[in-house]
Amino acid sequence: MEWKRSGGILLPVSALPSRYGVGALGAAAREFVDFLAAAGQRWWQVLPVGPTGYGDSPYQSFSTFAGNPYYIDLEELIQDGLLTRQEAEGPDWGEDPERVDYGKIYQNRFPLLKKAARRGLGRDGAALEEFRRANAAWLPDYALFMALKRHFDMAPWWQWPEEIRLRRPGACRRWTKELKEDVEFFQYLQFLFFRQWDALRAYAAERQVGIIGDLPIYVALDSADVWAGPEWFLLDENHVPIEVAGVPPDAFNQAGQLWGNPLYRWDRLEADGFGWWLRRADGAFRLYDMVRLDHFRGFESFWAVPYGAPDARQGHWVRGPGSAFIQVLRAWFSEGGFIAEDLGYLTDPVRRLLEQSGFPGMKVLEFAFDPQEHSDYLPHRYPRRCVCYTGTHDNETLIQWLERSPPEVLACAHRYLGLNEKEGYAWGLLRGGMGSVADLFIAQMQDYLGLGAEGRFNTPGTGAGNWRWRMAPGALTGALAEKILELTRRYGR
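This text gives an overview of the structure that appears in the document. All values reported here derive from a predicted model rather than from experimental measurement. Along each chain, residues carry numbers from 1 onward, in the same order as the chain's sequence is written. The predicted origin of the model limits local features to residues at a pLDDT of at least 70 and limits the giving and counting of side-chain atom pairs to 80 or more, whereas totals for whole chains, interfaces and linings rest on all residues. The basis for every side-chain value is the complete set of heavy atoms in the structure, and neither hydrogens nor water enter the calculation.

**What about the state of the cysteines?**
A covalent bond between the sulfur atoms of two cysteines is referred to as a disulfide. Heads up, the rule is: In this description, a disulfide is simply a cysteine sulfur pair whose atoms lie within 2.5 Å. Buried residues are those whose accessible area, probed at 1.4 Å on protein chains only, stays under 20% of the maximum for their type, while exposed residues exceed 50% and partly exposed ones sit between those limits.
One pass over the structure, following the stated rule, counts zero disulfides. Not part of a disulfide, Cys-386 finds its nearest cysteine sulfur in Cys-388, a span of 6.9 Å. Owing to a relative accessible area of 0%, Cys-388 belongs among the buried residues under this scheme.

**Quick notes on the environment of Gly-450**
Heads up, the rule is: The numbering of helices and of strands both runs from the N terminus, where a helix is a DSSP run of H or I of at least 4 residues and a strand a run of E of at least 2.
Tracing the backbone through its elements, the reader meets Gly-450 in the loop between α18 (445–448) and α19 (478–490). You can call Gly-450 partly exposed: its relative accessible area is 43%. The spacing of Gly-450 and Gly-391 is 59 residues in sequence and 14 Å in space, taken between C-alpha atoms.

**Some points on the nonpolar core**
This is how the line gets drawn: In this text, buried Ala, Val, Leu, Ile, Met, Phe, Trp, Tyr and Cys residues form a nonpolar core when linked through side-chain atoms within 4.5 Å. Contacts are assigned to residue pairs that have any heavy atoms within 4.5 Å of one another.
Counting residues in hydrophobic clusters, the biggest one holds 165 residues, and the most contacted among them are Phe-32, Trp-44, Phe-369, Met-445 and Tyr-448. Of all the elements, helix α9 (residues 180–206) adds the most residues to this core, at 13 residues. Apart from the residues lying within four places of it in its own chain, the contact partners of Met-445 are Ile-9, Leu-10, Leu-11, Phe-32, Phe-35, Met-471, Leu-476 and Leu-480. Counting five residues, the second largest nonpolar core, distinct from the first, contains Val-244, Trp-303, Val-305 and Ala-309.

**A closer look at α19**
We count it as follows: One less than the number of residues in a helix, times 1.5 Å, gives the span that helix is expected to have. Regarding the arc, it is the one traced by the directions from the helix axis to the C-beta atoms.
Between its terminal C-alpha atoms α19 stretches 18 Å, which fits the 18 Å expected from 13 residues at 1.5 Å a residue. By the burial criterion, the buried members of α19 are Leu-480, Ala-481, Ile-484, Leu-485, Leu-487 and Thr-488. An end-on view of α19 places all buried positions within 165 degrees of arc, on one side of the element. Facing away from the buried side of α19, by more than 90 degrees, are the exposed residues Gly-478, Ala-479 and Arg-489. Backbone geometry just after α19 places Gly-492 at a positive phi near 65 degrees.

Following this line, the structure appears as structure tokens:
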């Protein structure tokens, strides 16, 4: 889709309403697309849709290419004859329709999907084989990786026996044969996921709604990507990380943030023409119409922390691939379609790299109203080619921000945007973003719903309670769509 003045809403797939504990790719997703179209929104932004593991973070996926089996819509499997309604409704999916209970999802989802696979593998054999051929670059490694994890009680790959941990000659063939049933099971789950995803994306395209997705800069250490391609990562001869990713100490966290993701061997990647990264980006465009490049500043320089360090304070800056990588990325994907997540402390070299890339950067309204400095996040300072957000998935909802911000910050926002009780303070902030010169404006769905702390999706640096919020059934009303549409039309989006 072409880049032009427009608006969109950020809502993770997991946050869609569902009878089965977590959002999925069926009727509720199509209903949300219809809501976006009725509200005049041209974009649906989602978080990464890969399979998640311990901690349930979409930014720690078992594969950068695969889809999350949790998002396979059970209602469509019932309609397709792969499950009965009694089977789908039998498990306990959690008591709160506005929270995902990941423990119950993990416990109950895969046995149910296993039943569907037993019925569908034979019937869908020809289509599955075509899917295997189309995804041969990643699907066999991913399916074997997941089958091995199940076999070894979900232990991370570095705790597996040496022959398969290090992929000794013949080991993958032997284990693929021994775990044949589970390997086929995980391949079939991907077949189901992409069949539903492709149908949803086509449905959205028919209604002039594009999908924006996230491409995290790093992959998880416990992933098929690292296990199958250790040569691209900073590992020693035993495939143990040498240094890992994080961010340095700052005003918010004196110990910094220790992410723990393996770092890249950018020298090897460059010598190979950045082929692994190009395949990864191509996989993202297989899913999305536009891709947000997470942690863009890490392409200029990144924080490397010795493996095993207790926190990020022992890290140091390392020069990233810079313009050599960005130029290849631009040349390979000449149609564009990238958004640079350029938040945080930006140096002049990072700004120059962003300018060279031509990618639109991000502006966050919640960061704009510091009375002590003239912030680049104030709407009158935006370039047109940028994306304005009320807040990202890592930020407070607008109601929460209004409740918790210092009085001097709120006073600045009130003066700047003319906030008032009659309009609603949160709606005044939405108006400020919608009316900005930014070509694209994105708001969290929680902000249009007027939710407070209960709607926060993620709090960085905390290990529990994140990624769980879900939109209540019936929250999408015609009146709300009309209200958003009026604001959208007022500001020419």
